[in-house]
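Structural characterization, general
Residue strings, one per chain:
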Amino acid sequence: MTGPSPAPLPVPQESATPRIGDAAPDFSARTTRGPLTLSDLRGQWVLLFSHPADFTPVCTSEFIALAKANDQFVSLNCRLVGLSIDSLPSHLAWLEAIHTSFGVRVPFPVVEDPSMAIARAYGMLDASAESSATIRGVYAIDPEGIIRAMTWYPASVGRSVSELLRLIQALQQVDRDGVLTPEGWLPGDDIVVPAELTEDAVTATGLAWFLQYARCTPA
Ligand code: BEZ
């Protein structure tokens, strides 16, 4: 016997959050380094990251660490782009205060998004927050403008810059050699290869046919 149809799930009112494999929503905006159109960065990797608010402690610690690692990202052909809903004057005052207080210049652009249009397009708005603060979103965008990875952290937990570097290095290794990177992979570590699913191959490889490591070819 069939019962009544289940109630339909509520349809989210916000525009859908992009997923891995989607084109990164393009935007043009004012930044601390002048006007920026995201698609002008084609040909380079981009780490677009949102932070909840300027002049907050966790965000400040992240910006100091990201500023210090900027050259490492650039050497990977990767540009850092920060974003929050704060205004450009607020961003500029905060970056100046970081320089004055910690001696660190932030060399990457920080996008203002007072209308929240960019935050909405990327699904960065924290539905649980009382304010319009964005979550700590990171979008790794490849040189063709495709989102290849995303992470979302709550406002209370700072991100790991070394993990963001590792993520870009792993994505580049995957693209270069068509391989897979295992847990905690770092450049130079063994990679893993997809199992060949034939009876002969499985028999020849042995019991652990589903996890085979191989030497990583140097970049
Ligand atoms: C922070 O970066 O410290 C922070 C930002 C928003 C809410 C809570 C903490």
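So, here is what we can say about the structure in this document.

Analysis parameters
- Residues numbered from 1 in each chain as written.
- Predicted model: local features only at pLDDT ≥ 70, side-chain atom pairs only at ≥ 80, totals over all residues.
- Heavy atoms only, no water.
- Helix = DSSP H or I, 4+ residues; strand = E, 2+ residues; numbered from the N terminus.
- Buried < 20%, exposed > 50% of the residue type's maximum accessible area, 1.4 Å probe, protein only.
- Lys, Arg positive; Asp, Glu negative; His and termini not counted.
- Charge placed at Lys NZ, Arg CZ, Asp CG, Glu CD.
- Polar contact = N/O pair within 3.5 Å; in protein donor to acceptor, adjacent residues only side chain to side chain.
- Contact = heavy atoms within 4.5 Å.
- 1 Å grid on protein atoms, 1.4 Å probe; cavity = no way out; pocket = protein on both sides within 12 Å on 5 of 7 lines; lining within 4 Å.
- Points joined across faces, edges and corners; volume = space filled by probe spheres on them.
- Nonpolar A, V, L, I, M, F, W, Y, C, P; charged D, E, K, R; others polar.

Concerning the overall build of the protein chain
The helix and strand tally for the protein chain stands at 5 helices and 9 strands. When the helices and strands of the protein chain are read in sequence order from the N terminus, they spell out β-β-β-α-β-α-β-α-β-β-α-β-α-β. Its C-alpha atoms put the protein chain at 65 × 60 × 30 Å along the principal axes. A buried classification covers 41% of the 219 residues belonging to the protein chain. When the 14 positive and 24 negative side-chain charges of the protein chain are each reduced to one mean point, those points stand 7 Å apart.

Considerations on the side chain of Thr32
As for its position among the elements, Thr32 is in the loop between strand 1 (28–29) and strand 2 (36–37). Of the residues examined, Thr32 reaches a relative accessible area of 17% and is grouped as buried. From its side chain, Thr32 meets the backbone nitrogen of Val110 in a polar contact 2.9 Å long. Setting aside residues no more than four positions away along its own chain, Thr32 makes contact with Leu88, His91, Leu92, Leu95, Phe108, Pro109 and Val110.

Structural notes on empty space enclosed by the protein
By the definition in use, this model includes 1 cavity of 30 Å³ or more. Size it by volume and the largest cavity reaches roughly 70 Å³. In terms of lining residues, the largest cavity is bounded by Ala24, Leu38, Ser39, Leu41, Arg42, Gln44, Val46, Ile141, Asp142 and Gly145. Split into classes, the residues belonging to the lining of the largest cavity amount to 5 nonpolar, 3 polar and 2 charged.

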